[in-house]
Amino acid sequence: MGKINKQWHEAHKLARNATLDERIDWHVKHAANCACRPIPRSILDELERRGLLEPSALSLR
């Protein structure tokens, strides 16, 4: 795990009942702004299913 971007986390809360689209959006933005943890496999799988995941990103799993 990398360093947490506390300011980003405080400004971008993910709702407990977030939709899949909201979760995808949050995790993609999170990965661009914070290195505290990788994108969850379920989100990577959905990005791949939607054709939004670059083949090189599959090594993130």
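What counts and what doesn't
Residues numbered from 1 in each chain as written. Predicted model: local features only at pLDDT ≥ 70, side-chain atom pairs only at ≥ 80, totals over all residues. Heavy atoms only, no water. Helix = DSSP H or I, 4+ residues; strand = E, 2+ residues; numbered from the N terminus. Buried < 20%, exposed > 50% of the residue type's maximum accessible area, 1.4 Å probe, protein only. Contact = heavy atoms within 4.5 Å. Polar contact = N/O pair within 3.5 Å; in protein donor to acceptor, adjacent residues only side chain to side chain. Axes fitted to C-alpha atoms, helices over the stretch in contact; angles between N-to-C directions. Parallel < 35°, antiparallel > 145°, perpendicular 65-115°, else oblique.

Chemist: Describe the environment of Asn5, listing the residues and the values that go with them.
Modeler: Structurally, the position occupied by Asn5 is in the segment before helix 1 (6–11). Since its relative accessible area comes to 27%, Asn5 is described here as partly exposed. As for Asn5 and His30, which are separated by 25 residues in sequence, their C-alpha atoms are 9.3 Å apart. Discounting residues that sit within four places of it in the chain, Asn5 has contacts with Asn33 and Cys34. In this structure the side chain of Asn5 is engaged in a polar contact, spanning 3.0 Å, whose partner is the backbone nitrogen of Trp8. Side-chain polar atoms of Asn5 contact the backbone oxygen of Asn33, separated by 2.9 Å.

Chemist: Please provide a residue-by-residue account of the packing of helix 2 (residues 20–33) against helix 3 (residues 41–49), values included.
Modeler: Remark: helix 2 packs on helix 3, axes separated minimally by 10 Å, with the N-to-C direction vectors making an angle of 105°. Viewed along their axes, helix 2 and helix 3 adopt a mutual orientation that is roughly perpendicular. For the pair helix 2 and helix 3, the contacting residues are Leu20, Arg23, Ile24, His27 and Val28 in the first and Ser42, Ile43, Glu46 and Leu47 in the second.

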